[in-house]
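A closer look at the structure
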Amino acid sequence: MFDALTSRMSRTLAGLRSRGRINPVDLESTLGEIRTALLEADVALIVVDQLISEVRRRGLEALSLKQSGINPAQQVITIIHEEILKVLGTNARSLATAKRPPSKIMLAGLQGSGKTTLAGKLALWLKEQGNTPLLVACDLARPNAVQQLQIIGEQIGVPVFAPESGNGIGDPIKVAAEGLAFAEKRLHNYVIFDTAGRLGIDVELMKQARAIKSAITPDDTLFVVDAMTGQDAVNTAHAFNTAVGIDGVVLTKVDSDARAGAALSVTSVIGKPILFLSTGEKSQDFEPFYPERMAQRILGMGDVATLAEQAKKALDEKSAARLEEKFTSGEDFTFEDFLEQLQAMKKMGSMSKLLGMLPGMPGAQGAAMKKQIESIDDSETDRAAAIIQSMTPQERINPKIINGSRRLRIAKGSGHEVSTVNRLLDRFTAAQKAMKQLRQGGSGMGAAAGLPPGLAPSSGSMGARAARAHERPVKKSRSGNPAKRAQEERG
Amino acid sequence: MAIFSKFSSLFKRAHESAAHERGHIDWQELESTLISADLGPTLAHEVAQQLKEDKKLSLHGALEQLLVTKERQLNLAVAGPTVILVVGVNGSGKTTSVGKLGALLAAQGKSVVVVAADTFRAAAREQLETWAARSGLICFGGNDGADPAAVAFDGVSQALERGADYVLIDTAGRLHTKEGLMDQLGKIRRVVEKRAHVSEVLLVLDGSTGQNALAQAENFTAAVEVTGLVLTKLDGSTRGGSALAIERSLGIPIKFVGTGEGVGDFSPFSPEGYISGLLSQ
Ligand SMILES: Nc1nc2c(ncn2[C@@H]2O[C@H](COP(=O)(O)OP(=O)(O)O)[C@@H](O)[C@H]2O)c(=O)[nH]1
Ligand SMILES: [Mg+2]
């Protein structure tokens, strides 16, 4: 989860930093890393390529200006962040309201995207603000969708207009029109129309959705899309926008660990804002959308400063001191040290706190995922440890000698793929480089805060924010055993 | 199908295609095509790389190599009913797939019991009952909020008594990141196994899922040892390439595909059809 753009870029950026100046070749390789990271986050290819060319243009411009005193690597990250924010933040707004109530909201989207659940959440949210919403059950296709909405309505205390029992029987256009008339008569000030899931390529059902829309002329037609959607998000969003017409977007299942590149794909292709996030199964799990948070999530940048603080606590005093000694004495950072750091990382305290700092993942959900993440981390740590333990002492001290056949042997010995070994070596090299740079007084990489530099989350945390964070002096730990203290604090 | 002409030389076998033909391939575009099918940038690059290096390999062949398992039949119980646990994230198509798979088996003359162990989502039980009624399956379910493990246990017990051939257990959708819910899934399996061996755990994956699919498969496997994938909603514009990475990395075979909301829109996985789908645009 941490293995995002920043970890990817740390390698490239370490190189950039050492030279202190960016040139067009560096820029290209950085752009390549950004491209891969965005694709891994499920941002649609065409959107990625547009974004990259814009960042390239602005990057080259920045190069020609040769502003002194500004870290060029930071500049590239800032540019990409700005560009993403531009897309996500376009036309940001809240729910549209009618001049004359009721305000009509129509939900549309693929099967299983979470429309019915969302209808309930939206209704509850409106109700809590003193409104009198009505839910209208227009999904007459999916078995027992009407009943699902009725139960939800009962749970949240919002009336549901459901004249048809559904399961393939009844005309959704008629139900929508009658629902509207009912709302007007009963003076509801909001009406939410739940519709059946449909595919963008289903011409008949798209026509039907448009007919529902014409019958009720919604003030807001919201496209509901699953945060875990891949490349198809652009096609579907485009299809719904052309066939039905979309005013805004709701992103669902945001409590997953997907990087949610679909958010960017959809807003980019239809040019309409995301209004809300659906973040869990309970009716209360519903939030307004913040472009900034989402940009960071897609890029994989958490609250890096605090992350660094946490990691520092996890390193126990002794190994921290030993590392520091090595560091100042100018000794090379070896696999032995790396292993030690990995093990320290394993001891790291409350991951839930860290999770709470990750964009798009508020504290409560973070807590629920706590153990989960710990185990993921552990398995990764164990994997790395197994690989390192399959190295000869000589290889651990002098990793440069690890050639192809040695990699093969290490892979066999540790029971992992060569690619896994390669990845670890890459990460290690990046860490080693970072350590060297630090010693040479470069800008503070993670290690300055006691952050294990080889780990993706840490060495990866060198976004603009991280660099800023490290301008603060590093505080010395107060307690004898920071790991223990972190535990105690966790309670 | 434009892609077939564009990369036509990649479809020929080595003896048919002169080596130099590959010089004309737009590798960038090939990678783009694969990325658009949700293979992910790394796997797409790897496939292109393989094709560059091995001139004997066809594009089809390279993709087929990623489908590492050959056995795609349902695992059957040696004696007694074959118990199949169906799991997945919210809205992926579990209940629908249980209904359709049940119908498929019933059409083969098997007696099928479906168990509604989704006691969480509103009207989930009724949804499965509707499906069961459509194809003459026997349906067992618990009340809303009942312990899903107990419901599953009771359902399997009933199936044993009736001497059913298959028991399909539908479970509540859950995100793979929710520790507690994943534990609950493990518990369902353990409790059921007190009664009968679980032969098959099918993970239902929405075909439009992106790179998060692998994380889903990893976590569900960690919780309940997934033995097969059901890839749904392939009737849409999505191509379902993220399942390829799952089969490749975790060795979990894709066993079935869902291609619509009708009872017949469900079939055993065909590698050829799937790969052609990946490459079509
Ligand atoms: N087009 C299409 N829709 C499907 C397919 N499988 C399931 N669905 C729809 O996806 C939605 C969610 O399915 P459901 O079975 O309730 O998902 P569950 O929450 O995983 O049990 C429903 O609207 C289904 O009709 C499929 O293969 N194709
Ligand atoms: Mg279900």
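Residues numbered from 1 in each chain as written. Chains lettered and ligands numbered in written order. Predicted model: local features only at pLDDT ≥ 70, side-chain atom pairs only at ≥ 80, totals over all residues. Heavy atoms only, no water.

1. Here's the deal with the overall build of chain A
- Within chain A one finds 22 helices and 8 strands.
- Residues classed as buried in chain A amount to 58% of the 491 residues present.
- Across chain A, the fraction of contacts at a sequence separation of at least 24, relative to all contacts at a separation of at least 6, is 76%.
- On chain A, roughly 19900 Å² of surface is accessible, and the fraction owed to carbon and sulfur atoms is 52%. (Helix = DSSP H or I, 4+ residues; strand = E, 2+ residues; numbered from the N terminus. Buried < 20%, exposed > 50% of the residue type's maximum accessible area, 1.4 Å probe, protein only. Contact = heavy atoms within 4.5 Å. Areas by Shrake-Rupley, 256 points an atom, 1.4 Å probe, with all protein chains shown as cover.)

2. Some remarks on the pattern of salt bridges
All names here are of chain A.
- Within the structure shown, the criterion is met by 23 salt bridges over all chains.
- Between Arg-58 and Glu-83 there is a salt bridge, with its nearest N and O atoms 2.7 Å apart. Highlighted residues: Arg-58 in helix H3 (residues 45-65) and Glu-83 in helix H4 (residues 72-89), separated in sequence by 25 residues.
- The exposure class of Glu-83 is buried, given its relative accessible area of 5%.
- In this structure, Arg-406 engages Glu-395 in a salt bridge whose closest nitrogen and oxygen atoms are separated by 2.9 Å. (Salt bridge = Lys/Arg side-chain N within 4 Å of Asp/Glu carboxyl O.)

3. Brief notes about the sheet that holds strand S2 (residues 112-117) of chain B
Residues and elements named next belong to chain B.
- With mixed pairing, the 8 strands of this open sheet are ordered in space as S3-S2-S4-S1-S5-S6-S7-S8. Looking at which strands have only one partner, the edges of the open sheet turn out to be strand S3 (138-141) and strand S8 (266-268). The mean angle between the axes of side-by-side strands here comes to 25°, regardless of whether they run parallel or antiparallel.
- Pairing of strand S6 (residues 228-232) with strand S7 (residues 254-258), which is carried by 3 bridges, proceeds in the parallel orientation. When the sheet's bridge partners are listed, Leu-229 is paired in S7 with Ile-254.
- Strands in contact with helix H7 (residues 124-135) are S2, S3 and strand S4 (166-171); relative to S2, the strand with the most contacts, it is inclined by about 165°. (Pairing = 2+ DSSP bridges. Axes fitted to C-alpha atoms, helices over the stretch in contact; angles between N-to-C directions.)

4. Quick word on the UniProt feature "domain: SRP54-type proteins GTP-binding" (unreviewed entry) in chain A
- This chain's UniProt record puts "domain: SRP54-type proteins GTP-binding" (unreviewed entry) on residues 273-286 of chain A.
- In this annotation, residues 273-286 of chain A is assigned 0% helix and 43% strand; the end-to-end C-alpha distance for the span is 16 Å. (UniProt positions renumbered as here; feature names shortened; annotations may be inferred.)

5. Let's talk about the packing of aromatic side chains
- Tallied over the full model, the rule gives 8 aromatic pairs over all chains.
- Ring geometry for A:Phe161 against A:Phe182: centres 5.0 Å apart, planes inclined by 40°, an arrangement best described as tilted. On the criterion of sequence distance, the pair formed by A:Phe161 in strand S3 (residues 160-161) and A:Phe182 in helix H7 (residues 172-185) is long-range, its members being 21 residues apart.
- Among the aromatic residues, those joined into a ring-pair cluster are A:Trp125, A:Phe276 and A:Phe286.
- Over the ring of B:Trp131 we find B:Arg134; its NZ or CZ atom is 4.6 Å from the centre of that ring. (Phe/Tyr/Trp six-rings, centres within 6.5 Å; stacked < 30°, edge-to-face > 60°. Lys NZ or Arg CZ within 6 Å of the ring centre and 35° of its normal.)

6. Focus on the domain arrangement of chain B
Residues and elements named next belong to chain B.
- Taken domain by domain, chain B consists of domain 1 (5-64) and domain 2 (82-271).
- Taken over C-alpha atoms, the centre of domain 1 sits 35 Å from the centre of domain 2.
- Tallying the contact residues gives 9 residues for domain 1 and 12 residues for domain 2.
- Together domain 1 and domain 2 conceal approximately 800 Å² of surface at their shared face, both sides included; 50% is due to carbon and sulfur atoms.
- Ranking the residues of domain 1 by area buried against domain 2 places Ala-37, Asp-38 and Leu-43 at the top, with a combined share of 53%.
- Here domain 1 is connected to domain 2 by 1 salt bridge.
- Between domain 1 and domain 2 we count 5 residue pairs in polar contact (both at pLDDT 80 or more) in total.
- Contributing elements (two or more residues each) for the side of domain 1 that touches domain 2: helix H3 (27-36) and helix H4 (41-53). (Domains from an automatic or database assignment. Buried area = accessible area lost by both parts, 1.4 Å probe. Polar contact = N/O pair within 3.5 Å; in protein donor to acceptor, adjacent residues only side chain to side chain.)

7. Notes on the interface of chain B and chain A
- Listed by partner, the interface residues are 41 residues for chain B and 37 residues for chain A.
- Where chain B abuts chain A, roughly 3400 Å² becomes buried across the two surfaces, and 53% of that area is made up of carbon and sulfur atoms.
- On the surface where chain B and chain A come into contact, there are 1 salt bridge.
- The salt bridge involving B:Lys178 is made with A:Asp255; its shortest N-O contact spans 2.4 Å.
- At the boundary of chain B with chain A, the tally comes to 16 residue pairs in polar contact (both at pLDDT 80 or more).
- Among the elements of the structure, H3, H4, H7, helix H9 (179-193) and helix H10 (213-224) of chain B are those that each provide at least two residues to the side of chain B that touches chain A.

8. Section: the sheet that holds S3(A)
All names here are of chain A.
- Taking strand neighbours across the sheet as the criterion, the 8 strands line up as S3-S2-S4-S1-S5-S6-S7-S8 in an open arrangement whose pairing is mixed. Looking along the sheet, the strands with just one partner apiece sit at the ends: S3 and strand S8 (286-288).
- Inspection of the sheet shows strand S6 (residues 248-252) paired to strand S7 (residues 274-278) by 3 bridges, in the parallel sense. Counted as the bridge partner of Val-249 is Ile-274 from S7.
- The strands touched by helix H5 (residues 115-128) within the sheet are strand S1 (103-109), strand S2 (133-138), strand S4 (190-195), strand S5 (220-226), S6, S7 and S8, with S4 carrying the most contacts at an inclination of about 170°.

9. What about the UniProt feature "domain: SRP54-type proteins GTP-binding" (unreviewed entry) in chain B?
- Under the UniProt annotation, "domain: SRP54-type proteins GTP-binding" (unreviewed entry) lies at residues 253-266 of chain B.
- Annotated as 0% helix and 43% strand, the span residues 253-266 of chain B places its first and last C-alpha atoms 16 Å apart.

10. Describing the confidence of the model for chain A
Residues and elements named next belong to chain A.
- Per-residue confidence for chain A gives a mean pLDDT of 76, with 67% of residues at or over 70.
- Here residues 302-316 is modelled with pLDDT under 50, and outside its nearest four sequence neighbours on either side it reaches 51 contacts, counting other chains as well.
- Contacts from residues 348-377, a stretch scored under 50 in pLDDT, to residues over four places away or in other chains number 65 contacts. (pLDDT = per-residue confidence, 0-100.)

11. Side note on the site of ligand 1
- Residues in close proximity to ligand 1 total 19 residues, the closest being B:Lys94, B:Thr95, B:Thr96, B:Asp235 and B:Glu261.
- What surrounds ligand 1 is not a single chain but chains A and B.
- Between ligand 1 and B:Thr95 there is a distance of 2.8 Å, counted from an oxygen atom to a side-chain nitrogen or oxygen.
- Between B:Thr259 and ligand 1, the recorded distance is 3.5 Å, taken from a backbone N or O atom to an oxygen atom.
- Coverage of ligand 1 by the protein chains reaches 95% of its 580 Å² of free accessible surface.
- It is helix H6 (residues 94-107) of chain B that contributes the most residues to the shell around ligand 1, 4 residues altogether.
- Taken together, the residues that form the shell around ligand 1 break down as 1 nonpolar, 11 polar and 7 charged. (Near = heavy atom within 4 Å. Nonpolar A, V, L, I, M, F, W, Y, C, P; charged D, E, K, R; others polar.)

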